[in-house]
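A closer look at the structure
So you can see what is in the structure, the chains are spelled out below.
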Amino acid sequence: MNGSKLKLIAVITMLIDHVAYGIVWKIPSIGSGSPLYVSMRCIGRMAFPIYIFLLIEGFKYTRNKLKYAARLLAFCFISEVPFDLAFNSSIFELGYQNVFFTLLIGFVTICGMDAVWTKLYKCQKECIIPTVILDILIVGAGCALAFYLKTDYKFAGVLAIVVMYLFREIRVLQIMLGIVVLMCLSSLTEVFAMMIIPCVLAYNGERGVGLKYFFYAFYPVHLAIIYVVAVLLGVNFWFT
């Protein structure tokens, strides 16, 4: 299974999750306690760990980490208005930020950890204690920033990224421990993300079809569509 197929699984499961959260539960005849809504949200738990896995693959193979981070930052802001409209009926909502912020903070965090490891420990092996201390401080700063900004998954998302980065060479542990972190710090429903393990283990390291910007653009576009559909169905309203 190549990267494009993994991204497609993430996109589809994310779409199901967001349709449930942006439309389905608001329909009076269905509600948030219905089997349909709960099932859709459980399926949606598969998306975020896949995105983390692919983020770490991008970290490992990108030639320009600054450009990669800049692209994430751009989509943080491109996505924020559709995100707020779909889930908060507002153009600007400070109480909850989209997942690109979490991915960006996590990416910058593991970049910092990698820089400390490369420039400090690899050069001077006796510097293991300062290396560990600095890495803990970097992770703490990343978690605090995600918590303060109220990003999607908050500090649990950043810690999941860090854990999956640390275990990147042992794929089955990588994905399982990342999901366990989300289960412990976010929601027990994250256990349903375990369904992605066979897909991740089947990943062959190939990129697949070159639709990089399609997968980036899908996030804000599908949120905007969910918002419009919700308004047309009468379960959301036009912003004022």
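What comes next concerns the included structure. Keep in mind that this is a model prediction, so the values were computed, not measured.

**Let's talk about the overall build of the chain**
Counting its secondary structure elements, the chain contains 10 helices and 0 strands. In terms of C-alpha radius of gyration, the chain reaches 18 Å, essentially the compact-globule figure of 18 Å for 240 residues. In terms of overall dimensions, the chain has a C-alpha envelope of 65 × 40 × 35 Å along the principal axes. Expressed as a percentage of the 240 residues in the chain, the buried residues total 48%. Sequence-distant contacts in the chain: of pairs separated by 6 or more residues, those separated by 24 or more amount to 69%. Here the chain has roughly 12000 Å² of accessible surface; of this, 72% comes from carbon and sulfur atoms. Of the charged side chains in the chain, 19 are positive and 12 negative; the average position of the first set lies 6 Å away from that of the second.

**Quick notes on the nonpolar core**
In terms of nonpolar packing, the biggest core is built from 67 residues, with Leu72, Phe100 and Ile110 touching the most fellow members. Setting aside chain neighbours within four positions, we find Ile110 in contact with Ile56, Phe59, Ile161, Val162 and Tyr165.

**Remarks on the pattern of salt bridges**
Following the criterion strictly, the structure yields 4 salt bridges and no others. Arg41 is paired through a salt bridge with Asp17; the nearest N and O atoms lie 2.4 Å apart. Within this pair, whereas Arg41 is found in helix H2 (residues 35-44), its partner Asp17 is found in helix H1 (residues 3-22), the two being separated by 24 residues in sequence. Taking relative accessible area as the criterion, Arg41 reaches 22% and is therefore assigned partly exposed. One network of salt bridges, in which partners are shared, links Asp17, Arg41, Arg45 and Glu190.

**Description of helix H4 (residues 65-88)**
The first and last C-alpha atoms of H4 sit 33 Å apart over 24 residues, in line with the 34 Å expected at 1.5 Å per residue. One or two residues past the end of H4 sits Ser89, with phi positive at roughly 55 degrees.

**A word on the packing of helix H6 (residues 128-149) against helix H7 (residues 154-166)**
Contact geometry for H6 and H7: axes closest at 7 Å, N-to-C directions at 145 degrees. Considering how the two elements wind past one another, H6 and H7 form a crossing that is right-handed. Contacts between H6 and H7 involve Val139, Gly142, Cys143, Ala146 and Phe147 on the former and, on the latter, Lys154, Phe155, Val158, Leu159 and Val162. Taken together, the residues of the contact of H6 with H7 break down into 8 nonpolar, 1 polar and 1 charged.

What counts, and at which threshold
- Residues numbered from 1 in each chain as written.
- Predicted model: local features only at pLDDT ≥ 70, side-chain atom pairs only at ≥ 80, totals over all residues.
- Heavy atoms only, no water.
- Helix = DSSP H or I, 4+ residues; strand = E, 2+ residues; numbered from the N terminus.
- Rg over C-alpha atoms; globule rule 2.2 N^0.38 Å.
- Buried < 20%, exposed > 50% of the residue type's maximum accessible area, 1.4 Å probe, protein only.
- Contact = heavy atoms within 4.5 Å.
- Areas by Shrake-Rupley, 256 points an atom, 1.4 Å probe, with all protein chains shown as cover.
- Lys, Arg positive; Asp, Glu negative; His and termini not counted.
- Charge placed at Lys NZ, Arg CZ, Asp CG, Glu CD.
- Core = buried A, V, L, I, M, F, W, Y, C linked by side-chain atoms within 4.5 Å.
- Salt bridge = Lys/Arg side-chain N within 4 Å of Asp/Glu carboxyl O.
- Expected span 1.5 Å × (residues − 1).
- Axes fitted to C-alpha atoms, helices over the stretch in contact; angles between N-to-C directions.
- Left-handed = near helix turned anticlockwise from the far one by under 90°.
- Nonpolar A, V, L, I, M, F, W, Y, C, P; charged D, E, K, R; others polar.

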